[in-house]
Amino acid sequence: MRAVSYKRPVLIAGCVGLLFYLGMFLMNGHQYRERTGRSLDSDQAIRSFSDLQQSLNNLSKVLRAFEQRQDAMQRILEEDRDTQKKVADVLKQAIQEQKEQHHQEVPPQKKKSSQVFPGSPLFKGWGENLSEDEQKEAQVLFEKYGYNVFLSDRLPLDRPLPDTREKGCLTKTYSKDLPTIGVVLIYLNEALSVLKRALRSIIDRTPKHLLKEIIMVDDNSSNENLKGDLDAYVKSLEEENPSLRITRVRHTEQKGLAHARVSGWRAATADVVAILDAHIEVHELWAEPLLTQIKADRTVVVSPVFDRVNFDDLKVIHYFPAAHAFDWALWCMYESFSPDYYKLNDSSLPGKSPSVMGILVADRKFLGEIGVLDEGMKVYGGENVELGIR
């Protein structure tokens, strides 16, 4: 369309030029007649008309050449427009194919639910993709147990744990001729999945020739799933491990932590008793270092380094070896070992501690000789102090 608009002005200009030339010719003839009183002779007229014809022919040639160039330009523009259209079609098709491929490869993102409990510590760093109903369920369980039971119920009972041992421990070897061990688990309304995971880890990660028994002490729990459901799970473990003795001790009234531990000690028959909380998981080679120390000296009471399990995402956080201590409120705390210990420059060695925080392992008979624990102690944290004094 742009080439056509160029031709019209050129033709109009040519016609105007022709009329102008003809007008000039007539005006010259008229002026000549006025000056001389006579008209141009025939030869002059013929020459003038001949010049006019030649000029018109030249002008016609110029116009035809210009029209040819304009036609050529029109064809080039049309071809260029067709080429651009084809390129645009190819690009459009490629973009569409890319969008379709991206849509197939990337699944639609699940719309995030709004946070139902923005002030709950459970959801500070966990639970971003939970629906509102799942958040409500998780929060109810958290308020009941104090840790993330919603997540615990969905984790495998034999989940792998990171190896957090000191470097020096990785190269140590232990004798197979070690005392047998009985594990006492104390619980009161513990979450069923947490208790199952504790049992599973103890059975899977303790050598069968060392693990003689597991004593489960229930300090009068009221949760229904700690009765029939737990009984069924324990029965399945007994069928899988016929050489393992699993003993159930149930209090008809709540006796307290110290009394429950003594109940577990009384039910034990192994050489060594390990009194643990029920919300634990053990690492590989957890028992051998403890039993080695007791075999060397039956009068020592030992405690492993126990890492922390986060209450919200249940991840394991590495703890370094430290002494156990307590303040005037009997609240447990960590303290450094004596300076002589650090001069040895070997963190795989055991260190001395004035107290034992919660988890203890001891020769069963020796523990009885020193009076075990005071069954009448009701103050939380008292057991941390008592063994140090004994």
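So, how was this worked out
Residues numbered from 1 in each chain as written. Predicted model: local features only at pLDDT ≥ 70, side-chain atom pairs only at ≥ 80, totals over all residues. Heavy atoms only, no water. Helix = DSSP H or I, 4+ residues; strand = E, 2+ residues; numbered from the N terminus. Buried < 20%, exposed > 50% of the residue type's maximum accessible area, 1.4 Å probe, protein only. Contact = heavy atoms within 4.5 Å. Areas by Shrake-Rupley, 256 points an atom, 1.4 Å probe, with all protein chains shown as cover. Core = buried A, V, L, I, M, F, W, Y, C linked by side-chain atoms within 4.5 Å. Phe/Tyr/Trp six-rings, centres within 6.5 Å; stacked < 30°, edge-to-face > 60°. Arc of directions from axis to C-beta.

- The protein is annotated in an unreviewed UniProt entry as Glycosyltransferase 2-like domain-containing protein of Xenotaenia resolanae.

## What about the overall build of the protein?
- Looking only at helices and strands, the protein features 11 helices and nine strands.
- The 390 residues of the protein split such that 35% are buried.
- Partitioning the intrachain contacts of the protein with sequence separation of at least 6 by distance along the chain shows that 70% fall at a separation of at least 24.
- Carbon and sulfur atoms make up 56% of the accessible area of the protein, which amounts to about 24,200 Å² in all.

## Comments concerning the environment of Ser 336
- Within the fold, Ser 336 resides in the loop between strand S8 (332–335) and helix H9 (339–343).
- The exposed category is assigned to Ser 336, whose relative accessible area is 56%.
- Excluding residues within four positions of it along the chain, Ser 336 makes contact with Ala 323 and Tyr 342.

## Observations regarding unusual backbone geometry
- Positioned with a positive phi, Asn 189 is a non-glycine residue whose angle comes to about 55°.
- With respect to the secondary-structure elements, Asn 189 resides in the loop between strand S1 (181–187) and helix H5 (192–204).
- When its relative accessible area of 25% is taken as the criterion, Asn 189 is described as partly exposed.
- Non-glycine residue Leu 285 carries a positive phi angle of around 60°.
- Residue Leu 285 is classed as partly exposed on the basis of its relative accessible area of 33%.

## Comments concerning the nonpolar core
- Counting 36 residues, the largest nonpolar core has Leu 185, Leu 195, Ile 202, Ile 214, Met 216, Leu 230 and Trp 286 as its most contacted members.
- Looking at this core, the elements with two or more residues in it are S1, H5, strand S2 (211–218), helix H6 (228–240), strand S4 (272–277) and helix H8 (287–296).
- Among the elements that take part in this core, H5 stands out by supplying six residues, more than any other.
- Contact partners of Leu 230, with chain neighbours within four places excluded, come to Tyr 187, Leu 192, Leu 195, Met 216, Asn 225 and Arg 248.
- Judged by nonpolar contacts, the second largest core, of 19 residues, contains Trp 265, Ala 268, Ile 275 and Leu 373.

## Some points on the packing of aromatic side chains
- All told, the structure shown has nine aromatic pairs when counted by the stated rule.
- Considering the side-chain rings of Tyr 145 and Tyr 147, the 6.2 Å spacing of their centres and the 40° angle between planes classify their relative orientation as tilted. Tyr 147 shares its class with Tyr 145; the two are buried.
- Pairing Phe 337 with Tyr 341 gives two aromatic rings, centres 4.5 Å apart and planes at 55°, and the pair type is tilted. For the pair formed by Phe 337 and Tyr 341, the shared burial category is buried.

## Considering H8
- Along H8, the residues classified as buried are Ala 287, Glu 288, Leu 290, Leu 291 and Ile 294. For H8, the angular spread of the buried residues around the axis is 160°, confining them to a single face.

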